[in-house]
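Listed below, chain by chain, are the residues.
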Amino acid sequence: MITKIGQKFADGFVKYMPSAFVFALILTLVAILAAFFLTSSTPLTILSGWFNGFWSLLAFGMQIALIIVTAYSIAQSTPVEKAIDFIANYIRTPKQVYFWVVLIGGLLSLISFGMVVVVAILGRALAQRVKGINYPFLIACVYFSMNGWVTGASSSISLLLNTPDNFLISEGILTDVIPTSFTLGAFLNVAMILLFLILGPILFLFLAPEHAEGKELSQLMEDKGFSKEKSIMEEAKSYQLPTKSVSDFLNNAQWLQLTIVLLGGVYIVHHFITNGFDLNFNIMIFIFMMLGLLLHKTPLRYSISMQRASQNISGILFQYPFYAGIMGIMLSTGLGTLIGNQLSSVATLESYPFFAYVAGGMVNFAIPSAGGEFAVIGPSIIQVVQNLGMDAGLANEQITKMIARASMSVAYGESLSNLLQPFYLLVVFPVMGIGVKLQARDIIGYLVIPFILFFILQSLFVLYIPI
């Protein structure tokens, strides 16, 4: 029964859902019209906000890109490829593939949402080996598996709150950082992690399509003779001159790269000894870079891996400014504050986490970036929570915990609505879409039922599970 319902949703989305870029363009028009009719902004104010917004998140966009490419570089290393081959030897049926892809992806997402590329590589490798896999459904499994990233080490909102001199502090909304022990280490967040790791894999077993006729990877391939590209080691060897040279010696110098890794490792240890469990984008990217250097061993191999990894972000590079432009409209016209205030105005001391959760989900359709979205609605939500806490006479630590709960609720809502927002499929498609013609419309329909179920459960979690 549930499988048939899921298939109906999948068929419906194939018919009606546009591409990810068209989705962004439509949302841009919606934001412009909403700002015009719901605020007092003039058309030129709206367009100026849109233009200025294009460039407002370049630094953050660069961080997102580096998280992805450094993770993808790690995924291409020989040790990771051997691990994928090892795993593939023990997974032999379609349902086993779906189950383990969701579980392994859920675990890796706790490190970084960029690790979804590792899961994508694993999923494609399994699809090439196991018969009877519905490939669009498998892509949906991979995409769902990254959903728990907001509970893990790369959770951008929790990292932002713990970053010194973040925009909330510089604007006087917060007086100090909020430690990750209040967000990532909270009991609520641990419960969310267990929800993803336990319910997620089981749910996709029940949703698995009964048949895969015409949907297997081998059947979807446009070029049946598609050949695998050279390994990184093979490509590195192809650049070497026929005779010994200083340039080849340096390009392939393991000692040089390992020296840099050693120096980087010393700083990483120093960072955590000095700052405790202080995770932010910069230290995460630095760790991924050092790990990639270690796994690839030579400068030339690492350069090749990063060149290949960079091909994975083309969609993000040209679409991200459009979403930043939407954010610019919402900031310059006050539309974002209006949405946040409208949702928060009916919040009470008991219900504020739910409204923060809903706000996170709604705004994410226009701004599919947890950090960018939080820049729009975070300040108004935090101020409402602060007022509720002060009116109730709560102590500062209790109010800080309320802010942490509300902020993480925004993060959970933002992440869940990605199941229906195709933007981050742009990270998965360059790996799993090689040689096949698939679009977001072929994938998103399989995620409607998981979205509905997790929306209900997460709403209950943010309301009733203690921080």
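Residues numbered from 1 in each chain as written. Predicted model: local features only at pLDDT ≥ 70, side-chain atom pairs only at ≥ 80, totals over all residues. Heavy atoms only, no water.

Mapped onto the elements, F318 comes out in helix α18 (residues 314-332). By relative accessible area, which is 42% here, F318 ends up partly exposed. (Helix = DSSP H or I, 4+ residues; strand = E, 2+ residues; numbered from the N terminus. Buried < 20%, exposed > 50% of the residue type's maximum accessible area, 1.4 Å probe, protein only.)

Looking now at the pattern of salt bridges. Scanning the entire structure with this criterion turns up 2 salt bridges. One salt bridge connects D85 with R129, and the closest N-O pair in it is separated by 2.9 Å. Within this pair, whereas D85 is found in helix α5 (residues 78-88), its partner R129 is found in helix α7 (residues 116-129), the two being separated by 44 residues in sequence. The class for D85 is partly exposed, based on a relative accessible area of 36%. Taking the relative accessible area as the measure of exposure, R129 reaches 43% and is therefore partly exposed. (Salt bridge = Lys/Arg side-chain N within 4 Å of Asp/Glu carboxyl O.)

Quick reminder: α-helices carry 3.6 residues per turn. Residues three or four places apart thus point the same way. Across the 8 residues of helix α23 (residues 425-432), 7 count as buried, placing the element largely inside the fold. Every buried residue of α23 is listed here: L425, L426, V427, V428, F429, V431 and M432. Looking at the buried side of α23, the elements it contacts are α2 (20-38), α4 (58-75), α7, α8 (135-145) and α18. (Contact = heavy atoms within 4.5 Å.)

Our focus in this paragraph is the packing of aromatic side chains. For the structure on display, the rule yields 20 aromatic pairs. For the ring pair F137 and F204, a centre distance of 5.8 Å and an interplane angle of 45° mean the geometry is tilted. Of the two residues, F137 is situated in helix α8 and F204 in helix α11 (residues 187-207); the sequence distance between them amounts to 67 residues. Residue F137 is classed as buried on the basis of its relative accessible area, which comes to 0%. Each ring, one from F137 and one from Y446, has its centre 5.4 Å from the other, and the planes form 80°; the classification is edge-to-face. With a gap of 309 residues between them, F137 in helix α8 and Y446 in the loop between α23 and α24 (448-464) connect regions that are remote in the sequence. Each residue in the set F21, W50, F51, F54, W55, F318 and F322 is aromatic and connected to the rest through ring pairs, giving one cluster. (Phe/Tyr/Trp six-rings, centres within 6.5 Å; stacked < 30°, edge-to-face > 60°.)

Let us look at α8. Of all 11 residues in α8, 11 are buried, a share of seventy percent or more. At its buried positions, α8 is contacted by α6 (94-109), α7, α11, α12 (217-220), α23 and α24. Capping of α8 at its N-terminal end is provided by N134; its side-chain oxygen lies 3.0 Å from the backbone amide nitrogen of F137. (Polar contact = N/O pair within 3.5 Å; in protein donor to acceptor, adjacent residues only side chain to side chain.)

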